[in-house]
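# Remarks on the overall topology
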Amino acid sequence: MSAFTFGTRLAAAATLAIAFVAAGVPVAAQTTGQVKGKVVDGKGEPVDKAVVTIEFKGGTNMVREVKTNKRGEFIQVGLPPGPYWVTAKADAGQAADQVQVGLGTAPTMNLTLKPATKGMSAEETAFRKAFDEGVEAAGAKNHDAAIAKFAEAVKMQADCYACYMNMGSAHYEKKELDKAEAAFKKAAELKPEDSRPIQVLADLYNGMGRREEAAAMATKAAAMGAASGGGSAQDNYNQGVILWNAGKIAEAKTQFEAAVKADPNYADANYWVGMANLNGGNMPEATKYFENYLKLAPDGAMAAQAKGILDSIKPKE
């Protein structure tokens, strides 16, 4: 698991661990994410036309640049998952922070400008060097080196959220699940408004067979996503899988329905809405969603099962 794919890999691992989801991560799932945020000055006032530079730190050179609106807000879509370094500059000063982008997610950043200084301090330079080397090591699957470098970076910047997320990812790859859990919990503590570490913990617990804890984390992530305007289709789907596996069928149905609402062409989500309705005895709705699934994925992994169910529940002509 590289520094920039831990969310997808954990979600996939959780899905594959569940016998009834043989298809793994759906083809229809989103493949990019986004970053949004707000830039304010030292008095907390929004900064118009601040230049926001978004630099990918996942092993390839990619830089995006946007400007804030009159409310100080900015958004950049179409970003590959992974770690980013975000810098905002304006006459009022500059600010910088790291962020971890996941599939479909929109981490919200709050950047407060401070008077600009000539270049980075020695400590800032050392932090950036350690962080970048950690990302490079993770990309090369040198997980021990990655953990060491992110730990070094944390000593210089204790609130480095992306460091803890990446350390968790590296520990996960080494099957050091207790250490991965501790790192993700620390990330959640640093950014309690961000649902990403909560979702990752849900996936991690699910893969460890800790079903009740997984369901609790999935429910929390779903609530956070709803409060922020709704999570991605893939996040909703993954939460639904975890809740279903914990026997919480009604809650799972809500998440599968949210996934379909976010992406009507999400074949597997349609299938599981059908299954939830079948479980609840609502045959017309079950029929509708199984038929949707077969239209979207006629040769899908669950096509034969969907056809068999339809043959048994549709009225005979």
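Structure's up top.
The following paragraphs examine the structure supplied in this document. Since the structure is predicted, the reported quantities are computational estimates derived from the model, not experimental observations.

### Points about the packing of helix H10 (residues 267-279) against helix H12 (residues 303-313)
Helices that pack against each other are described as a pair by the angle of their axes relative to one another and the distance between those axes. In contact at an axis separation of 12 Å, H10 and H12 are set at 35° when each is read in the N-to-C sense. Judged by the twist between their axes, the crossing of H10 over H12 is left-handed. Contacts between H10 and H12 involve Tyr271, Met275 and Leu278 from the first element and Gln305, Ala306, Ile309 and Ile313 from the second. Taken together, the residues of the contact of H10 with H12 break down into six nonpolar, one polar and no charged.

### A closer look at the pairing of strand S2 (residues 51-56)
On S2, burial follows the alternation: Val52, Ile54 and Phe56 on one face are buried, whereas Val51, Thr53 and Glu55 on the facing-out side are not. When S2 meets strand S3 (residues 63-67), the two strands line up antiparallel, connected through five bridges. Pairing of Ile54 across the sheet is with Arg64, part of S3. Two elements, S2 and strand S5 (residues 82-90), share six bridges in a ladder whose sense is antiparallel. Residue pairing for S5: Val51 is matched across the bridge by Lys89.

Conventions used here
Residues numbered from 1 in each chain as written. Predicted model: local features only at pLDDT ≥ 70, side-chain atom pairs only at ≥ 80, totals over all residues. Heavy atoms only, no water. Axes fitted to C-alpha atoms, helices over the stretch in contact; angles between N-to-C directions. Helix = DSSP H or I, 4+ residues; strand = E, 2+ residues; numbered from the N terminus. Left-handed = near helix turned anticlockwise from the far one by under 90°. Contact = heavy atoms within 4.5 Å. Nonpolar A, V, L, I, M, F, W, Y, C, P; charged D, E, K, R; others polar. Buried < 20%, exposed > 50% of the residue type's maximum accessible area, 1.4 Å probe, protein only. Pairing = 2+ DSSP bridges.

Note that every value here comes from positions in space, so none of it alone points to a role or purpose.
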